[in-house]
Amino acid sequence: MARSGLADAARVARWADAALGPGRDSATDDGKATLSDATAERAARELGLTPAQVRADWDTARLAGLVEVHGDSARPGWRLRAWDRDDSAVLRGWVALFDAWSLAHPEPAEHEPAAVAEVVSAMPQVLSFLQLSAGPVPVEQLLDLLEQRVTELRTARCEIPYGPQPEPPAEPEPTDAPLAPLLDWALRALASVGALTYGDGQATLTPLGSWAVWVKLEQICVAAQSPAGNIEQAAEDMLRGCAQLRPNAARAEYRAWLAARPVGSAVTELLGAARGEDALLRGLAFEALRVVGAPAEPDVRAVLTEPTLRPYALLWLAEHDGTDPEDAHEVLTRQEATWLWVDTAAAVADHGEAPLLVRHLESAVQPTVPMLLDEVRAVGHPRTVQVLVALAAAHPDPALAKAVRRAAFQVHTGGS
């Protein structure tokens, strides 16, 4: 259902990608991949649509994340790239459209913005009632529920000032505008995105709409069950809070933290934490990004140019593409693998115990310690000296510890 509902939007998005992409001979005269009047008319001719249909499908594509507009230019979203191979990308696109139902079908101009905002805030409860009803619900019943919820919202905002209160007015104040027209607008908007059917004085959630409401309720429950209480923390503090948790508990915490945030801002925050000096947080940030999954792919791919994050990003992308985690390290060059070994050793040295650092030697790609030390010295990691000093202090073999200390001294002095 999600594919069929977004098929027209995906068609226009693909046309725009082919016709308006950078370097295309068929780009618009101003060089901007935007939907100008001329572009809409051209798309209508080539796709056999009307300009109005093109604009409507373009707006749907934007709301569903099939295209991303940046200033005066547009580019395909990750969901369009994954359209043919990833059903979850299609579902996420439809959920994004579902979340934007009030933008997909703008409200009547004659209504007060405050009243519209109240109805938008109250509709999740109306949708939950529809989902629980599992069948047609009379509009009159939905209107009663909407009025109750709006009253609750207004009561929650009410602030009673301190001090003497004025006498109530002699004449009753005018009543609020009726909510029936706004409920009609909301139901029509939700019907336009495929969340429900509306007619003959009743509304019914579609199977897709019922699924979306269930997903939203599940996200709320997940967010409410943050096991370690880090849901309101910034990414860096959340990751620090997860450092001592077992893997399954940490993943549950990541899911709760992510459920409470828009995906885009959460990914940006996690990558920001990964850029810091703490190597442990770097590794944990990419573990959290594994929980995010496909929506993080464009941002993870974009950091391949950053030496500090490149090895982590390569492993993430390899696993995302289906490579067995045990074999993912094969995508790294010898230098990248060595850099990652030093970075992980830094995390162990800062937060682990000495025996863990000694055992970390076994994970090196180099077959011998002398080869490892030669390549570690050459890789240029900023924590190389500290890692080697910590390893020398922890290792029980005096001869090996002496060789490691010598390597640390040579890196520190710039000698060979």
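The text that follows walks through the structure, step by step, so that each part is easy to find. What you are looking at is a predicted structure, and each value in this text was computed from that prediction instead of being measured.

Here strand β4 (residues 196-199) pairs with strand β5 (residues 202-205) via four bridges, running antiparallel. Residue pairing across strands places Leu 196 opposite Leu 205, the latter belonging to β5. The loop that links β4 with its antiparallel partner β5 comprises two residues; one of these, Asp 200, has a positive phi angle of about 55 degrees.

Below, the discussion takes up helix α14 (residues 279-292). In a regular helix each residue adds 1.5 Å, so 14 residues correspond to 20 Å; α14 covers 20 Å between its end C-alpha atoms and thus fits that length. Taken together, the buried positions of α14 are Ala 279, Leu 281, Arg 282, Leu 284, Ala 285, Phe 286, Ala 288, Leu 289 and Val 292. Two or three places before Leu 280, at the opening of α14, Asp 278 has a side-chain oxygen 3.0 Å from that residue's backbone nitrogen. Note on α14: the residue one or two positions beyond its end, Gly 293, has a positive phi of about 80 degrees.

Taking strand neighbours across the sheet as the criterion, the three strands line up as β3-β5-β4 in an open arrangement whose pairing is antiparallel. Bordering the open sheet on either side are β3 (137-138) and β4, each of which pairs with just one other strand. Strands β3, β4 and β5 of the sheet are contacted by helix α7 (residues 113-133), whose axis makes an angle of about 75 degrees with β5.

Two quantities define a packed helix pair, namely the angle between the helix axes and the distance between the axes. The geometry of α7 relative to helix α9 (residues 180-192) is characterised by a closest axis approach of 10 Å and an angle of 60 degrees between their N-to-C directions. Relative to α9, the element α7 lies oblique. Two packed elements cross with a definite hand, and for α7 against α9 that hand is right-handed. From α7, Ala 115, Val 116, Val 119, Val 120, Met 123 and Leu 127 reach across to α9, where they touch Leu 182, Leu 183, Trp 185, Ala 186, Leu 187 and Leu 190. Classifying every residue of the contact of α7 with α9 by side-chain character gives twelve nonpolar, no polar and no charged.

Core analysis: the biggest nonpolar cluster contains 61 residues, and Leu 66, Trp 94, Met 123 and Leu 146 have the highest contact counts within it. The element best represented in this core is helix α1 (residues 2-20), accounting for ten residues. Among residues more than four places away in sequence, those in contact with Leu 66 are Leu 6, Ala 9, Ala 10, Ala 13, Ala 61, Pro 76, Gly 77, Arg 79, Leu 80 and Trp 83. Judged by nonpolar contacts, the second largest core, of 60 residues, contains Val 342, Val 348, Leu 373 and Leu 391.

A few words on the environment of Ala 259. Structurally, Ala 259 is set in helix α12 (residues 247-259). Ala 259 sits in the partly exposed class, given a relative accessible area of 27%.

Here the focus is the packing of helix α19 (residues 369-379) against helix α21 (residues 398-413). Contact geometry for α19 and α21: axes closest at 10 Å, N-to-C directions at 15 degrees. With respect to each other, α19 and α21 are oriented roughly parallel. The interaxial crossing formed by α19 with α21 has right-handed handedness. Contacts between α19 and α21 involve Val 369, Leu 373 and Arg 377 from the former and Leu 400, Ala 403, Val 404, Ala 407, Gln 410 and Val 411 from the latter. Per-class residue counts for the contact of α19 with α21 are seven nonpolar, one polar and one charged.

With that out of the way, let us pick up a negative patch on the surface. A surface patch of negative charge is lined by Asp 324, Glu 326, Asp 327 and Glu 330. Residue placement: Asp 327 occurs in the loop between α16 (310-320) and α17 (334-351).

What follows is about the layout of surface pockets. Taken as a whole, the second largest pocket encloses approximately 1,000 Å³ of empty space. Around the second largest pocket sit 36 residues that line it, and Leu 280, Gly 283, Glu 287, Tyr 312 and Thr 344 are the ones nearest its centre. Broken down by secondary-structure element, the contributors of at least two residues to the lining of the second largest pocket are α12, α14, α16, α17 and α18 (354-360). Across the lining of the second largest pocket, the residue classes tally to 21 nonpolar, nine polar and six charged.

Among the eleven residues in α16, eight count as buried, and that is most of the element. Of all the residues in α16, the buried ones are Pro 311, Tyr 312, Ala 313, Leu 314, Leu 315, Trp 316, Leu 317 and Ala 318. Next to the buried residues of α16 lie α14, α15 (297-302) and α17. One or two residues past the end of α16 sits Gly 322, with phi positive at roughly 105 degrees.

Parameters and conventions
Residues numbered from 1 in each chain as written. Predicted model: local features only at pLDDT ≥ 70, side-chain atom pairs only at ≥ 80, totals over all residues. Heavy atoms only, no water. Pairing = 2+ DSSP bridges. Helix = DSSP H or I, 4+ residues; strand = E, 2+ residues; numbered from the N terminus. Expected span 1.5 Å × (residues − 1). Buried < 20%, exposed > 50% of the residue type's maximum accessible area, 1.4 Å probe, protein only. Polar contact = N/O pair within 3.5 Å; in protein donor to acceptor, adjacent residues only side chain to side chain. Contact = heavy atoms within 4.5 Å. Axes fitted to C-alpha atoms, helices over the stretch in contact; angles between N-to-C directions. Parallel < 35°, antiparallel > 145°, perpendicular 65-115°, else oblique. Left-handed = near helix turned anticlockwise from the far one by under 90°. Nonpolar A, V, L, I, M, F, W, Y, C, P; charged D, E, K, R; others polar. Core = buried A, V, L, I, M, F, W, Y, C linked by side-chain atoms within 4.5 Å. Patch = residues over 30% accessible without salt bridge, like charges linked within 9 Å, V, L, I, M, F, W, Y side chains within 5 Å. Areas by Shrake-Rupley, 256 points an atom, 1.4 Å probe, with all protein chains shown as cover. Salt bridge = Lys/Arg side-chain N within 4 Å of Asp/Glu carboxyl O. Lys, Arg positive; Asp, Glu negative; His and termini not counted. Charge placed at Lys NZ, Arg CZ, Asp CG, Glu CD. 1 Å grid on protein atoms, 1.4 Å probe; cavity = no way out; pocket = protein on both sides within 12 Å on 5 of 7 lines; lining within 4 Å. Points joined across faces, edges and corners; volume = space filled by probe spheres on them.

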